[in-house]
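As a plain string of letters, each chain reads:
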Amino acid sequence: MANIHATAVVEDGAQIASTAEIGPFCWISSQAKIGENVRLLARVTVYGDTTIGDGTVVFPGACLGTGPQDHGNEFVAGAKVIIGKNNVIRENVTIHAGTPKEQQTTIVGDDCMFMVNSHVAHDCVVGNHVIMTNNAVIGGHVRVGDGAILGGNCAVHQFCRIGRKAMIGGLAGVDRDVIPFGIVTGERGKLRGLNRIGMMRGGMDEATVKSVTRAFMYIFKGKEDTFEVRLEKAKEKFADNELVLEQIDFIADGLAGRRKVMTAE
């Protein structure tokens, strides 16, 4: 039997693993699915059709699965939140359910950390090993790649994409897509360079990182041709570097979808 505190409210129908721990004054909906070794420490609200993966720990005041802050879609049947395994969700974090505009689902991967007061809006997809620092917030439909770090009090505009292992500085406002491995800082966020330390910590050798840096300088700082032409030429110049091709594909996908990709200044 799961360890459920006497003051917790668990609606009939909730699926709670036998090794889960539900602390004082939690409220669990009838559609909730709580995995093995999940710990809801106290005063956690799990609303609607919300899945919490094995090993995730949720701290007091967190509210998971409530309706989106999207006018007219606050209470839509079928809206979901799916949270992966081994996440740490700190005090007062909010993760909202999806809307009919997409798949009605907000998704969080594995091994993420959401620090105090961070917010994941409706229809977002957050990858694995993502860190959202205190008060970091992402708007609806945002995509965050694996290993990205969002600094304290930063804000990401709806529909933006944050590439894999990108780093967003504290207090930055992000209103355009950020390439994989990019570093963004400033009140109105600007692309400053590459997250070289993060790349090397991720196991990338120095030669590969230097090649990515050369490609970055060519694509974003080059003076010859237009940005689009340099992007196309970079496919041939750096064809042997998968990380550069990942960046190029990311940018090309954004341009094809009429997205604005953040460029270096």
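The following paragraphs examine the structure supplied in this document.

1. A few points about the pattern of salt bridges
Part 1 of the argument: Under the criterion given, the structure shown has 13 salt bridges.
Part 2 of the argument: Across the pair K101 and D70 runs a salt bridge whose closest N-O atoms are separated by 3.0 Å. With K101 in the loop between β14 (94-95) and β15 (105-108) and D70 in the loop between β11 (63-64) and β12 (80-83), the pair connects residues that are 31 residues apart, well separated along the chain.
Part 3 of the argument: Its relative accessible area of 53% is what places K101 among the exposed residues.
Part 4 of the argument: With a relative accessible area of 12%, D70 lands in the buried category.
Part 5 of the argument: A salt bridge links R161 to D177, with the shortest nitrogen-to-oxygen separation between them at 2.9 Å. With R161 in strand β24 (residues 161-162) and D177 in the loop between β26 (173-174) and β27 (182-185), the pair connects residues that are 16 residues apart, well separated along the chain.
Part 6 of the argument: Since its relative accessible area comes to 16%, R161 is described here as buried.
Part 7 of the argument: Its relative accessible area of 0% is what places D177 among the buried residues.

2. Focus on the sheet that holds strand β10 (residues 57-58)
Part 1 of the argument: Read across the sheet, 11 strands follow the order β1-β4-β7-β10-β13-β16-β19-β22-β25-β27-β28 without closing on themselves; strand pairing throughout is mixed. Strand pairing shows two members of the sheet lacking a second neighbour, β1 (3-4) and β28 (190-194), which therefore form its edges.
Part 2 of the argument: Two elements, strand β13 (residues 88-89) and strand β16 (residues 113-114), share 2 bridges in a ladder whose sense is parallel. Paired with I89 across the two strands is F114, which belongs to β16.

Criteria and cut-off values
- Residues numbered from 1 in each chain as written.
- Predicted model: local features only at pLDDT ≥ 70, side-chain atom pairs only at ≥ 80, totals over all residues.
- Heavy atoms only, no water.
- Salt bridge = Lys/Arg side-chain N within 4 Å of Asp/Glu carboxyl O.
- Helix = DSSP H or I, 4+ residues; strand = E, 2+ residues; numbered from the N terminus.
- Buried < 20%, exposed > 50% of the residue type's maximum accessible area, 1.4 Å probe, protein only.
- Pairing = 2+ DSSP bridges.

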